[in-house]
Amino acid sequence: MNAAVPLALHVGEQAGLATALRAALDAIERHDEPALAAAAKSIDHWLSRPLCRTLAAVESALHEALGANQFEERLSELAGHELPDAATRLDYVIGLTERAAHTTLDLSDELRRELVMLEAAGVDPEQTARMRRLLNDLQQTQAYQDLTGQVIRHVVGVMQRAEGALRRALIAAGIQPAGATAPRAADTRVLSGVDRGAASQNDADDLLADLGL
Amino acid sequence: MDKNLRILIVDDFSTMRRIVKNLLNDLGFSNTAEAEDGNSALAALRASSFDFVVTDWNMPGMTGIELLKAIRNDPKLAKLPVLMVTAEAKREQIVEAAQSGVNGYIIKPFTAETLKDKLTKVFERLGIAA
């Protein structure tokens with residue numbers, strides 16, 4: 001046979017219940033019906049306290065369950081949309097810095113050719129030597145593109161592996177990762193060059209002209 | 001245009017401040033100062049006299065659009081021309097800048113020609129001889 005279910009009353013609640021019980025006993029002895037009704041109500045109140053606590057715990061557990069659901073949605077969005085999108089942005093950075101570095105190298109090459117002509121024209125050798133050093137430094141500095149590009153490619157690789165693992169885990173759990181074309185949140189930034197729907201200088205000019213600027 | 005105009009360049013990237021400064025120098029404007037976000041820009045504008053502001057949008061601390069609004073809401077600065085130079089290319093943002101009283105909007109990356117063109121337009125509209 002099971003033991004009786006404990007009332008699970010806290011100390012203060014036990015004292016409250018004892019007071020109510022004494023009041024009820026007193027009311028019965030005095031044949032005081034209204035006082036007995038009040039005492040019975042009070043007894044009810046104290047006995048129902050543990051039940052209220054249980055309900056509060058159930059409510060909190062429900063909130064937690066709902067939170068877990070949102071967490072799944074976050075993971076799905078991350079694997080299906082945000083990680084691939086972030087990798088695309090990093091590829092854009094590599095491309096942009098690469099083009100800029102090449103342009104700098106092209107321009108300094110052109111200056112070198114000019115320098116050869118200056119040397120042939122008999123310009124102060126000390127001056128041309130100094131210019132050559134500066135041009136060399138300029139070219140050397142472009143090495144940053146190689147170094148940063150390598151770091152970015154490494155990070156892209158890590159992100160792609162994380163994305164793959166997350167996708168497999170989600171699918172194994174019966175959750176379909178969000179599509180790559182998931183709608184963009186309204187507050188997301190749109191950057192020129194990297195985002196679809198980015199306004200060009202011409203678009204900006206037209207918009208401003210329409211607005212009277 | 002008056003080559004002695006004092007211009008404040010606001011951008012959180014020192015490289016971009018340097019590029020804008022060099023471009024302005026090439027155009028004959030050598031009286032420039034720099035600030036790295038809206039807060040320091042606003043402090044500089046209130047501390048001394050400037051004729052023109054070139055600002056980025058996305059900066060930590062106070063953004064360019066917040067700076068623009070603060071300028072327009074300050075009776076002493078309200079008429080100061082502001083040119084936004086930014087990679088923010090969302091139509092809503094261009095509209096917001098226009099509605100907040102921007103004088104010009106340049107999308108990064110930009111050319112020296114675009115900067116010259118927009119500056120000339122701003123000056124023309126303000127009635128400063130180009």
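Residues numbered from 1 in each chain as written. Chains lettered and ligands numbered in written order. Predicted model: local features only at pLDDT ≥ 70, side-chain atom pairs only at ≥ 80, totals over all residues. Heavy atoms only, no water.

A. View of the interface of chain B and chain A. Each side of the interface is counted separately: chain B has 20 residues, and chain A has 19 residues. Interface area for chain B against chain A, summed over the two sides, is near 1,600 Å², with a carbon-plus-sulfur share of 57%. Counting across the interface, chain B meets chain A through two salt bridges. Among the salt bridges present, the one from Asp205(A) reaches Lys118(B), with a minimum N-O distance of 3.0 Å. Our enumeration of links across chain B and chain A arrives at five residue pairs in polar contact (both at pLDDT 80 or more). (Contact = heavy atoms within 4.5 Å. Buried area = accessible area lost by both parts, 1.4 Å probe. Salt bridge = Lys/Arg side-chain N within 4 Å of Asp/Glu carboxyl O. Polar contact = N/O pair within 3.5 Å; in protein donor to acceptor, adjacent residues only side chain to side chain.)

B. Layout of the nonpolar core. Counting residues in each nonpolar core, the largest one holds 32 residues, and the members touching the most others are Leu8(B), Leu45(B) and Ile71(B). Sorting the residues of this core by element identifies helix H5 (201-210) of chain A together with strand E1 (7-10), strand E2 (32-35), helix H2 (38-47), helix H3 (64-73), strand E4 (82-86), helix H4 (91-99) and strand E5 (104-107) of chain B as the ones contributing at least two each. Excluding anything up to four places from it in sequence, Leu8(B) contacts Ala33(B), Glu34(B), Ala35(B), Ala41(B), Ala44(B), Leu45(B), Phe50(B), Phe52(B), Val53(B) and Val54(B). Formed by 19 residues, the second largest nonpolar core is a distinct cluster that contains Leu23(B), Phe52(B), Phe110(B) and Phe123(B). (Core = buried A, V, L, I, M, F, W, Y, C linked by side-chain atoms within 4.5 Å. Buried < 20%, exposed > 50% of the residue type's maximum accessible area, 1.4 Å probe, protein only. Helix = DSSP H or I, 4+ residues; strand = E, 2+ residues; numbered from the N terminus.)

C. Structural view of the sheet that holds E1(B). Residue and element names in this part refer to chain B. With respect to topology, five strands assemble into an open sheet ordered E2-E1-E3-E4-E5, the strand pairing being parallel. For this open sheet the edge positions go to E2 and E5, each flanked by a neighbour on one side alone. Across the sheet, the mean angle from the axis of one strand to that of its neighbour is 20°, orientation sign disregarded. Pairing analysis gives four bridges linking E1 to strand E3 (residues 52-55), with the strands arranged parallel. (Pairing = 2+ DSSP bridges. Axes fitted to C-alpha atoms, helices over the stretch in contact; angles between N-to-C directions.)

D. How the structure looks around the pairing of E4(B). Residues and elements named next belong to chain B. Burial analysis of E4 places five of its five residues in the buried class, which makes it a mostly covered element. Here three bridges tie E3 to E4, and the two strands are oriented parallel to one another. When the bridges of E4 are listed, Val-54 appears paired with Leu-83. Note that the unit made of E3, H3 and E4 has a crossover that is right-handed. At this point the chain moves from E4, through H4, to the parallel E5, and the crossover so formed is right-handed. (Right-handed = clockwise from strand over helix to strand, strands pointing away.)

Bear in mind that shape data such as this cannot, by itself, settle questions of function.
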